[in-house]
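Fold and geometry: a report
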Amino acid sequence: MATGTFRWGLLFRALWLAVFTPILIGLLVGGIFGHPVFLGVFVIWLGVLACVLRAEALNSQARAQVSPDARLLGARAGWMLLALLLVFGSAGLIRAVLG
């Protein structure tokens, strides 16, 4: 992996953490002081963050190659799709419980 690609990967991971941190803190506080369903949603969103970071790691590998193979690109898309499903699943959970 080239040094520049490594630096971009670190930057993107830091940006994802900066995006998710306020959301996760809000869900944790809402779960502790509000309704317990938010603790479950907090755990789901931790899974979303893990999926996004895994997809970003695969994206870093893809950027390091001249022509990445379809399996790598498919795996990256799969992790992002799982992240989207978890986001919508958490919204459905909140709607079902708080109605």
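An account of the accompanying structure is given in this report. Bear in mind that the values here come from a model prediction, so they are computed numbers and not experimental data.

Thresholds applied
- Residues numbered from 1 in each chain as written.
- Predicted model: local features only at pLDDT ≥ 70, side-chain atom pairs only at ≥ 80, totals over all residues.
- Heavy atoms only, no water.
- Salt bridge = Lys/Arg side-chain N within 4 Å of Asp/Glu carboxyl O.
- Helix = DSSP H or I, 4+ residues; strand = E, 2+ residues; numbered from the N terminus.
- Core = buried A, V, L, I, M, F, W, Y, C linked by side-chain atoms within 4.5 Å.
- Buried < 20%, exposed > 50% of the residue type's maximum accessible area, 1.4 Å probe, protein only.
- Contact = heavy atoms within 4.5 Å.
- Phe/Tyr/Trp six-rings, centres within 6.5 Å; stacked < 30°, edge-to-face > 60°.
- Expected span 1.5 Å × (residues − 1).

Overview of the pattern of salt bridges
Enumeration according to the criterion identifies one salt bridge in this entry. With a shortest N-O distance of 3.5 Å, Arg 63 and Glu 56 are connected by a salt bridge.

Remarks on the environment of Ala 62
Mapped onto the elements, Ala 62 comes out in helix α2 (residues 37-64). Expressed as a C-alpha distance, the spacing of Ala 62 and Leu 39, which sit 23 residues apart in the sequence, is 35 Å.

Considering the nonpolar core
Listed in full, the 11 residues of the largest apolar core are Phe 20, Leu 24, Leu 27, Val 41, Phe 42, Trp 45, Val 48, Leu 49, Cys 51, Val 52 and Ala 83. Elements supplying a minimum of two residues to this core: α1 (3-33) and α2. Take this core: its biggest share by element is seven residues, from α2. Residues contacting Trp 45, with those up to four places away along its chain left out, are Phe 20, Ile 23, Leu 24, Leu 27, Val 87 and Ser 90.

Observations regarding the packing of aromatic side chains
Counted under the stated rule, the structure contains two aromatic pairs. Relative to Phe 20, the ring of Trp 16 has its centre 6.1 Å away and its plane inclined at 45 degrees; by these criteria the two rings are tilted. Of this pair, Trp 16 and Phe 20 both sit in helix α1, separated by four residues, roughly a single helical turn. Judged by centre distance (5.8 Å) and plane angle (55 degrees), the ring pair of Phe 20 and Trp 45 falls under tilted. Of this pair, Phe 20 sits in helix α1 while Trp 45 sits in helix α2, and the two are 25 residues apart along the sequence. This pair shows no difference in class: Phe 20 is buried, exactly as Trp 45 is. In textbook terms, an aromatic cluster arises when at least three aromatic residues are bridged by ring pairs, as seen for Trp 16, Phe 20 and Trp 45.

Some details on helix α3 (residues 70-98)
Along its 29 residues, α3 runs 42 Å from first to last C-alpha, staying within 8% of the 42 Å computed at 1.5 Å per residue. When we look at burial in α3, the residues that qualify are Leu 72, Ala 83 and Ser 90. Turning to α3, the residues buried within the fold contact α2. Gly 99 sits one or two residues past α3 and shows a positive phi near 45 degrees.

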